[in-house]
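What follows is each chain in one-letter form.
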Amino acid sequence: MPNASVLEAKKAIVAELTEKLQNAASGVLVDYKGITVAEDTALRNELRQNNVEYAVVKNTLTRFAAEGAGLNELTECLNGTTSLAISAEDPIAPMRIINKYAKQFNGAKFAIKAGFMDGKVLPLNEVLAMADLPSKDVLQAQVLGTMLAPITSLAIVLKAIAEEKGGFVEAAAEPEAAPAE
């Protein structure tokens, strides 16, 4: 039986992890066995740049936190080496970045175990499908481009008509030059 101070420290870790899971827009559990320090550093840097929190987690403590956060289905995946990537802002970011690295390593030493979004555990095929979506900024730019395309086309057509008509008006207004003798 652990002493009281160790037990209190573990309870604090579980409480903090439970809060993070509840407040996260999404998260991904990862099996990271065999990844090198350089690969892990590159992964962490990219996750940090996208405001994704990433940490190696203990399965037992994560199990208690997942149950406390209402994500009971995650407990099935909590075996072996486990790390957790969560985002409170962009729900696609952890899935996209982790999936990119999983593809890079062919799933041999880095693989997605499970994922969740908005308090619901997602099937692995849905996590992988969402991982293929572009980032939030790219999606917003695509929507804006789609909305602006008809307006831009109209402006181009109107400009062409105005130039064409303007050319005819200018030609009609000029006096015809007398033939040179």
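Peer 1: I would appreciate a short explanation of the overall build of the chain in the present structure.
Peer 2: Assigned secondary structure in the chain consists of 6 helices and 5 strands. Traced from its N-terminal end to its C-terminal end, the chain shows the element sequence α-β-α-β-α-β-α-β-β-α-α. Sorting the 181 residues of the chain into buried and exposed places 34% on the buried side. Put simply, 81% of the contacts in the chain that link residues at least 6 apart link residues at least 24 apart. Accessible surface for the chain amounts to roughly 11,300 Å². Of this, 60% is attributable to carbon and sulfur atoms.

Peer 1: Is there a simple way to explain the sheet that holds strand β4 (residues 111-117) in this structure?
Peer 2: The strands making up a sheet are joined through hydrogen bonds of the backbone, oriented either antiparallel or parallel. Here we have 5 strands laid out as an open sheet, ordered β2-β3-β1-β4-β5, and antiparallel in their pairing. On the outer flanks of this sheet lie β2 (53-56) and β5 (120-122), each paired with one strand and no other. Sheet twist, expressed as the mean angle between neighbouring strand axes with direction ignored, is 20°. Bridging between strand β1 (residues 26-31) and β4 involves 6 bridges; their strand directions are antiparallel. If you follow D31 over to β4, its bridge partner there is A111. Packing against the sheet, helix α4 (residues 93-104) makes contact with β1, β2, β3 (83-87), β4 and β5, and its axis sits at approximately 25° to β1. Across the face of the sheet, helix α5 (residues 124-131) comes into contact with β4 and β5 while running at roughly 85° to β4.

Peer 1: Can you help me understand the pattern of salt bridges in this one?
Peer 2: Opposite charge on two side chains makes pairing possible when the charged atoms of those side chains draw close. With the rule as written, the count across this model stands at 6 salt bridges. Between D40 and R44 there is a salt bridge; the shortest N-O distance is 2.8 Å. Taken together, the residues span about one helical turn, with D40 and R44 both in helix α2 (residues 37-49) at a distance of 4 residues. Through salt bridges with shared partners, a single network forms among E16, K20 and E53.

Peer 1: Looking at this structure, how should I read the nonpolar core?
Peer 2: Of all hydrophobic cores here, the largest spans 22 residues; its most connected members are L43, L47, Y54, M95, I98 and F110. The leading source of residues in this core is α4, at 6 residues. The next biggest cluster of nonpolar side chains, apart from the first, holds 18 residues, and it includes L17, A24, L78 and F116.

Peer 1: How should I be thinking about unusual backbone geometry in this particular structure?
Peer 2: For residues besides glycine, phi is generally negative; the peptide bonds are generally trans as well. With phi around 55°, N51 is a residue other than glycine that occupies positive phi space. Secondary-structure assignment places N51 in the loop between α2 and β2.

Peer 1: How should I be thinking about the environment of N45 in this particular structure?
Peer 2: Structurally, the position occupied by N45 is in helix α2. A distance of 2.9 Å separates the side chain of N45 from the side chain of R48, its partner in a polar contact.

Basis of the calculations
- Residues numbered from 1 in each chain as written.
- Predicted model: local features only at pLDDT ≥ 70, side-chain atom pairs only at ≥ 80, totals over all residues.
- Heavy atoms only, no water.
- Helix = DSSP H or I, 4+ residues; strand = E, 2+ residues; numbered from the N terminus.
- Buried < 20%, exposed > 50% of the residue type's maximum accessible area, 1.4 Å probe, protein only.
- Contact = heavy atoms within 4.5 Å.
- Areas by Shrake-Rupley, 256 points an atom, 1.4 Å probe, with all protein chains shown as cover.
- Pairing = 2+ DSSP bridges.
- Axes fitted to C-alpha atoms, helices over the stretch in contact; angles between N-to-C directions.
- Salt bridge = Lys/Arg side-chain N within 4 Å of Asp/Glu carboxyl O.
- Core = buried A, V, L, I, M, F, W, Y, C linked by side-chain atoms within 4.5 Å.
- Polar contact = N/O pair within 3.5 Å; in protein donor to acceptor, adjacent residues only side chain to side chain.

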